[in-house]
Every structure is written in C-alpha cells, then in structure tokens.
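# Observations on the model geometry
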Amino acid sequence: MYDDFFFPYEKAKLWTRDMILLSLSNFLLYASLYIMLPVLPLWIVRHWACSYAEAGAAIAVFGLAMFLPGPFNSYLIDTFKRKSVCFIALLFFVAASLLYPYVATIGLIALVRAIQGGLFSVVTMTTGSTLVIDVTPARRRTDANITFAWAGRFGMAAGLALGIYIYPYWNFIYIVYTSMALGALALILIPGITVPFRAPLSTPLFSLDRFILPRTLWPGLNMMMISFIFGILIAHIYNELFYICILAGLVIALLLSRYVLSYASARAEVELGQAALVGGLLLLGMSNSLITSYLAGVLVGIGVGVSTSRFFIKMISLPRHCERGTGNNTYQLLWEVGILGGFLFENMWTEMHPDTIYWICICISVAALVMYEFFTHPWYYRRMEEKQ
C-alpha cells in the first residue's frame, strides 16, 4: 500500500480539480480551527480570571465531543447526500465560532467547544474518510488520503502561527472573525466538488463503520503519543516564528519521505522521525536561545511529520476492503484527542512543575518508539501466529 504513494502502478491522475478543492478546503478548515487554540486560554483566563487548568479543560471538551456523532456516521453518509452532510456540518461549525464573544460563563465556552467538536468530526469524516475516496481512482486512494492529511497538518501549523502573531495586536473578536473567514473559504469550496452518484443504502442507525476500527488502534496509540507531545508544545510555546519553523520542518519531512526515505523501511523512518523529535525537545529543554528554539522547531516539525505520516500510512493500510474510511476516521479522532489531551496536561502540569515539561515530552517520545519497536519486532509476529 505504501509503495502506491511514490510508485503508482497505473497513471491515474491524483491532482484532479476535486482533489485540489478538497485539499485546499482541509487546509483552510485546520487553519480556522487552530488559529483559535493558542488564543482561547489566554482570553478565557483574562476574561473570567480563572486558572489555566480550568481554561484548558473547557477547550479540551472539543476532543471528547468528536466521538459523539461517531455511531451515526455510517447512517448519515449512506442515507443522505455526502456533500450535503459535509456542507451543513461545516456551515454550523463556522457559525458556532461567532458565539465565543457573547457567552457569559466558562461552562458555555465548553458547550460551544463541544458543539464544534461534534460538527468538526462530521466534517472530517465526510471529507477525509468519504469524499476524498469517492473522487479518486481506486489505485490512487492511498496517495489521496496521505495528501489530504498533509494538507491538514500544514493548515494546523499555519493557523497556530497566525493566531499567535495577531493576538497581541487585534481584539479577540477580530480573531474570531478571521477564524470564521477561513472556515467560510473552506465552506464555499465544497459545492464545487463533483461527487459520483451513489444510491441511498439501508444502514443501521448505530454502527462502528466510519467511526472506530479496532484493528488500527495500536499504530493509532503510537500516533496519539506524538500528537500528545505536540499538544503540550502548543500550550507551552507562544512564539509565531517557532510554528513557522515547524511548518518548514513539515515541508522538509514531506520532501524526505518523497525523495530520501522512499526506499527505507518503516522502522527506519519512524526511528529517524523520533530521533529528530527528541533532538528538538532536547534543544528546547537545554537552551534558552531564540535561535536554538527555531532550530528545535524545525526538528520537531520533521519528527512529527515523518513519524505521524508513517503511523497514518499504517492505519489506512491495515483496514480490509471498504474499511479504509473507518481507518482514516480513527486517525482523525485519535490525532485531535492526543493534541487536546496534551494541551490540557500542559495547562494543569506547568502551574506546579514548569521546568519539567520538555523532559516529560522526551520520555513520551521514547516510550512511543519502544512501543513501536515491540509491536513491529518479528518475535511479536511469531507469537501472534502461534496463538492463532
């Protein structure tokens, strides 16, 4: 499956008009979401004089709410038009952003985040797990899923850098409007997508299809540990140039995967990614220099990009026929849960132990690598075969 990304067996076109629109929409959607993430806790603490732990908890509700529509995913996309489901969910997701400046309590902030989390889950399910597959030739669907995921990662880093940059200069409500504008641009691209006709199917109201695929949970847990580290960094570092360096590191990671690591083994790729990530974290933990932090940002971007891409490829390779969308949705859920879990952890932990956060990240990264090495070791496969 992995070889299809670099050496497709047929000359089916990947970058169709529909694929470009979907990837650009995903980039804008993630930029719209992540422009708010570093800004919200600062605004909540300043507005209601609460603790960062309370603000982090209200924000992290988003991740848990993403699981709420999951059992209905299959019913939604098989009963209704998939593009319409995506458009309506994205419309309400963008509109919900307007509620932030007008809520009266931190509890209502958590409610708005929960609403957006559920809607965001539906949008990512209909786009990455369904529409991308629908508009792509069968032989290029692995390529399309990888490309779509990379567009989201780039949008995430761009949104973080933009939000941190404009927050000191703009009123909070203008940042909300900027987030809505990015979301609206993502929204208006959806009607331009041409989706092949599919007759409505009779499916049960509740199902794990297009929701969670248990077979992908071990690489998903590996990937979630990486996103947990990234969530910690988002909550800990407020420097737009750091996230621009992460964006540059993601670009380098993509080029490495395309031109350098195409013949390397999966284990070598993960080991390189984790080495870059640990190197960046060591620089952050041992030096206070701005230049060093920018180099660390590049290394973190390389590490997150290389490792996450490999875990994602594994998660969409393990599913059987017609399970690719479920594997992709499992990735989306675990990625966001990992980031928001790390975001909440940092907001709770650093009030008591601010100097230990980078060393905790290093321990998590090493644990992720050890876990990966264990589950991919030939000894483990032999044991599984003996049990079967």
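In case you missed it, the structure is sitting above this.
Bear in mind the structure is a predicted one, so any value in this text is a computation, not a measurement.

So, about the overall build of the chain. Within the chain one finds 16 helices and 0 strands. Whereas a compact globule of 388 residues would reach a radius of gyration of roughly 21 Å, the chain reaches 20 Å, a difference of no more than 12%. Dimensions of the chain, computed from C-alpha atoms along their principal axes, come out at roughly 55 × 45 × 40 Å. Residue burial in the chain is summarised as follows: out of 388 residues, 57% are buried. For the chain, contacts bridging at least 24 residues in sequence account for 87% of all contacts bridging at least 6. For the chain, the centre of its 24 positive side-chain charges and the centre of its 20 negative side-chain charges are spaced 9 Å apart.

Right, let's get into the environment of Glu336. Looking at the element boundaries, Glu336 is found in helix α14 (residues 324–349). By relative accessible area, Glu336 is classed as buried at 2%. In this structure the C-alpha to C-alpha distance between Glu336 and Phe311, which are 25 residues apart in sequence, comes to 15 Å.

Okay, the environment of Lys81 next. Mapped onto the secondary structure, Lys81 falls in the loop between α5 (73–79) and α6 (82–96). A C-alpha to C-alpha distance of 9.5 Å links Lys81 and Val195, two positions 114 residues apart in sequence.

Under the criterion given, the structure shown has 7 salt bridges. Between Arg17 and Asp18 there is a salt bridge; the shortest N-O distance is 3.9 Å. Residues Asp134 and Arg82 are paired through a salt bridge, measuring 2.9 Å at the closest nitrogen-oxygen approach. Residue Asp134 is found in helix α7 (residues 106–134), and its partner Arg82 is found in helix α6; the two are separated by 52 residues along the sequence. Using a relative accessible area of 13% as the deciding quantity, one classes Arg82 as buried. When salt bridges with common partners are traced through the structure, they connect Asp78, Arg82 and Asp134 into a single cluster.

According to the stated counting rule, one finds 5 cavities of 30 Å³ or more in the structure shown. In this structure, the largest cavity occupies an estimated 60 Å³ of space. Asn26, Tyr30, Phe148, Ala149, Gly152, Arg153, Met156, Tyr331, Gln332 and Trp335 are the residues that line the largest cavity. Of all elements in the fold, only α2 (17–34), α8 (141–166) and α14 reach the threshold of two or more residues within the lining of the largest cavity.

This part takes up the nonpolar core. Burial of nonpolar side chains together is a common tendency in soluble globular proteins. Core analysis: the biggest nonpolar cluster contains 119 residues, and Tyr34, Leu90, Phe93, Ile234 and Tyr243 have the highest contact counts within it. Among all residues touching Tyr34, those that are not within four sequence positions of it are Met156, Gly159, Leu160, Ile234, Trp335, Glu336 and Ile339.

So, how was this worked out
Residue positions are counted from 1 within each chain, in the order its sequence is given. Totals for whole chains, interfaces and linings use every residue, but because this is a predicted model, local features are given only for residues with pLDDT of at least 70 and side-chain atom pairs only at 80 or more, for both listing and counting. Side-chain figures throughout are based on the complete set of non-hydrogen atoms in the structure, without hydrogens or water. Strands here are runs of E lasting at least two residues and helices are runs of H or I lasting at least four, both read from the DSSP assignment and numbered beginning at the N terminus. Radius of gyration: C-alpha atoms only; globule rule: 2.2 Å multiplied by the number of residues to the exponent 0.38. Only protein chains enter the accessibility calculation, which uses a 1.4 Å probe. A residue is then buried if its area is under 20% of the maximum for its type, exposed if over 50%, and partly exposed in between. For this analysis, residues touch if any pair of their heavy atoms sits within 4.5 Å. Only four residue types enter the charge count: Lys and Arg as positive, Asp and Glu as negative, with His and the chain ends excluded. Each charge is placed at NZ for Lys, CZ for Arg, CG for Asp and CD for Glu. The salt bridge criterion pairs a side-chain nitrogen of Lys or Arg with a carboxyl oxygen of Asp or Glu, the two atoms within 4 Å. Using a 1 Å grid laid over the protein atoms alone, points where a 1.4 Å probe fits but cannot get out form a cavity; open sets with protein on both sides within 12 Å along at least 5 of 7 lines form a pocket; any residue with an atom within 4 Å of a point counts as lining. Grid points are joined across faces, edges and corners, and a volume is the space filled by probe spheres set on the points. By nonpolar core is meant a set of buried Ala, Val, Leu, Ile, Met, Phe, Trp, Tyr and Cys residues that side-chain atoms within 4.5 Å join together.

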